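# Remarks on the overall topology
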Amino acid sequence: MAVVAAPPKTTLKTEKSEKIFKEALTLLPGGVNSPVRAFKSVGGQPIIFERVEGPYCFDVDGNKYVDYVGSWGPAIVGHAHPEVTEALTEQIKKGTSYGAPCELENVLAKIVIDRVPSIEMVRFVNSGTEACLSVLRLMRAYTKRDKLLKFVGCYHGHADSYLVQAGSGVATLGLPDSPGVPAASTAATLTATYNDLESVRQTFEANKDEIAGVILEPVVGNSGFIPPTQEFLEGLRQLCTDNGTLLCFDEVMTGFRIAKGCAQEHFGITPDLTTLGKVIGGGLPVGAYGGRRDIMQMVAPAGPMYQAGTLSGNPLAMTAGIKTLEILDRPGTYEHLDKVTGKLIQGILDAGREAGHEMCGGHISGMFGFFFTKGPVNCFEDATKADTAKFGRFHRGMLEKGVYLAPSAYEAGFTSLAHTDADVEHTIQAARETFAEI
Ligand SMILES: Cc1ncc(COP(=O)(O)O)c(C=O)c1O
């Protein structure tokens, strides 16, 4: 889709950011190591971070922002939480990677198995992408079928098979599917429309006994924030059961953010398999996939499905994950996330509508989003009706006023335990002023 960049007007002090990004452009493709960071769809140059703390990020020019990106999700207890930092400092003295089993892997595994209703066994990897590509191989190995069904606008990392009508950076940059992905790699990838059970039913009918797995974001965050309907999730579960197809919830974004037992607990649906990432690494690189014991027993060396990793389960990443999940288990954490996020999104929507903008949006726990369209937005196609150029202007206006939002109209926002009422009020005031300008 066409992406219109906002004019890069700025009153922020950005000299150092500009100098560093200019150099980065000569060293890294597009100046970044992950595409959406480059601000391509919102206009202007990216801010170069110097440090993060609690709910804030600080750039190299000395500007401070309330951060609603949270490193794209992991920073749920707040950036550089002193207890996480202390645990990591202690662990680092014992080494960063063993390439051999360590007890910390059991500790994190037990927490995951205990909290996530459908997970009986888990395998740790290093990113969400790795978790999703591994789970696809597992679904195929277990069912002895090849086809995969995903939803338009859902992002499951950048493995070849998933780069078909994907969300996130692929949607942000308006790219179709990526060059370099052989047609053969996506030939077995089928797509359906999110929240549209009939489109799923038809796909099952047209591919009888051929679909290994259905994967989805149980709450979409990669086409902007789009919640599922309860009937959609229940219908998917039933269709998968009826067709001998595995259901995988990609909870890389929603895992331990939507609820203590992830989105599957919130909605009361039991998938066969789950992928995790972000929060379980507490800011270090971790991903995981897990599920029913009989399926997970297929994974090498217990079974024949091969998957491995030099740094998988490394003690540093396990430590950050364990401490983060420990903090999240304290009383009142999810209530806090729900309260601050609810206040934030309601304040933004009210301010926008009062200023005459057509808007819709919502939140579940510490995940939120809004669109510049009347809505409702139930699927990616609905999301594309939103005014992305206006979002670009809004993003820039908020940045100028000390609020760091995801630099794309197609990404959800995240809060943390560190976000206070005062941060939210500052944000709503900034939004009120920005809505009057755009
Ligand atoms: C739902 C979902 N799945 C998979 C991924 C890929 O994870 P990673 O970026 O850690 O490879 C993401 C990343 O944002 C995601 O949101």
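What counts and what doesn't
Residues numbered from 1 in each chain as written. Predicted model: local features only at pLDDT ≥ 70, side-chain atom pairs only at ≥ 80, totals over all residues. Heavy atoms only, no water. Helix = DSSP H or I, 4+ residues; strand = E, 2+ residues; numbered from the N terminus. Rg over C-alpha atoms; globule rule 2.2 N^0.38 Å. Buried < 20%, exposed > 50% of the residue type's maximum accessible area, 1.4 Å probe, protein only. Contact = heavy atoms within 4.5 Å. Areas by Shrake-Rupley, 256 points an atom, 1.4 Å probe, with all protein chains shown as cover. Pairing = 2+ DSSP bridges. Salt bridge = Lys/Arg side-chain N within 4 Å of Asp/Glu carboxyl O. Phe/Tyr/Trp six-rings, centres within 6.5 Å; stacked < 30°, edge-to-face > 60°. Core = buried A, V, L, I, M, F, W, Y, C linked by side-chain atoms within 4.5 Å. Domains from an automatic or database assignment. Expected span 1.5 Å × (residues − 1). Buried area = accessible area lost by both parts, 1.4 Å probe.

So, about the overall build of the chain. Of regular secondary structure, the chain possesses 15 helices and 14 strands. At 21 Å, the chain has a C-alpha radius of gyration in line with the 22 Å of a compact globule built from 438 residues. For the chain, the spread of C-alpha atoms along the three principal axes comes to 60 × 55 × 45 Å. The buried share of the chain, reckoned over its 438 residues, is 59%. When contacts within the chain are restricted to residue pairs at least 6 apart in sequence, those whose partners lie at least 24 apart make up 73%. When the accessible surface of the chain is split by element, carbon and sulfur atoms take 54% of a total near 17800 Å².

So, about the sheet that holds strand 1 (residues 49-53). Strand pairing in a sheet is mediated by backbone hydrogen bonds. Such pairs are either parallel or antiparallel. Taken together, the four strands give an open sheet; going across it, the order is 1-2-3-13, and neighbouring strands pair in mixed fashion. If you trace the sheet from one side to the other, it starts and ends with strand 1 and strand 13 (403-404), each paired once.

On to the pairing of strand 2 (residues 56-59). Strand direction decides the pairing type here: strand 1 and strand 2, joined by four bridges, are antiparallel. Paired with V52 across the bridge in strand 2 is C57. Linking two consecutive strands that pair antiparallel, namely strand 1 and strand 2, is a turn of two residues; a positive phi of about 55 degrees is found at G54 within it. Bridge analysis of strand 2 against strand 3 (residues 64-67) gives three bridges, and the strand direction is antiparallel. Each residue of the ladder has a partner; that of F58, found in strand 3, is K64. Here strand 2 folds back onto strand 3 in antiparallel fashion, the turn holding four residues, of which G62 has a positive phi close to 90 degrees.

Turning our eyes to something else, we now look at the pattern of salt bridges. For the structure shown, the criterion picks out 17 salt bridges. E425 is the partner of K343 in a salt bridge, and the nearest nitrogen-oxygen pair spans 2.8 Å. Linking K343 in helix 12 (residues 333-354) with E425 in helix 15 (residues 421-437), this pair joins segments that are 82 residues apart in sequence. For K343, a relative accessible area of 30% corresponds to the partly exposed category.

On to the packing of aromatic side chains, then. This model, assessed by the stated rule, comprises 14 aromatic pairs. Aromatic side chains F370 and F391 sit 6.2 Å apart centroid to centroid with 45 degrees between the ring planes, which places their arrangement in the tilted category. Of this pair, F370 sits in strand 12 (residues 367-371) while F391 sits in helix 14 (residues 388-400), placing them 21 residues apart in sequence. Given the relative accessible area of 10%, F370 is considered buried. Three or more aromatic residues joined by ring pairs form one cluster here, namely F370, F372, F391, F394 and F435.

Ranked by internal contacts, the top residues of the largest apolar core, which has 42 residues, are F151, Y194, V200, L216 and F232. Of the residues forming this core, the biggest block, five residues, is contributed by helix 8 (residues 230-243). Residues lining this core come from more than one domain, with at least three contributed by each of domain 1 (15-80 + 331-437) and domain 2 (82-328). If we ignore the near neighbours within four places in the chain, the residues touching L216 are F151, H156, Y194, F232, L233, L236, L247, C248, F249 and D250.

Another point: helix 11 (residues 315-328). Here helix 11 is 14 residues long and its end C-alpha atoms lie 20 Å apart, about the 20 Å a rise of 1.5 Å per residue gives. Among the 14 residues of helix 11, 13 are classified as buried, and the element is accordingly described as predominantly covered.

Attention now moves to the domain arrangement of the chain. You can read the domains of the chain as domain 1 (15-80 + 331-437) and domain 2 (82-328). On a C-alpha basis, the centroid separation for the pair domain 1 and domain 2 is 25 Å. Taken together, the contacts link 35 residues of domain 1 with 37 residues of domain 2. Each partner contributes to the roughly 2900 Å² buried at the junction of domain 1 and domain 2, and carbon and sulfur atoms together form 70% of this total. Counting the surface domain 1 buries against domain 2, the share from its top three residues, Y334, I364 and M367, is 23%. At the boundary of domain 1 with domain 2, the tally comes to zero salt bridges.

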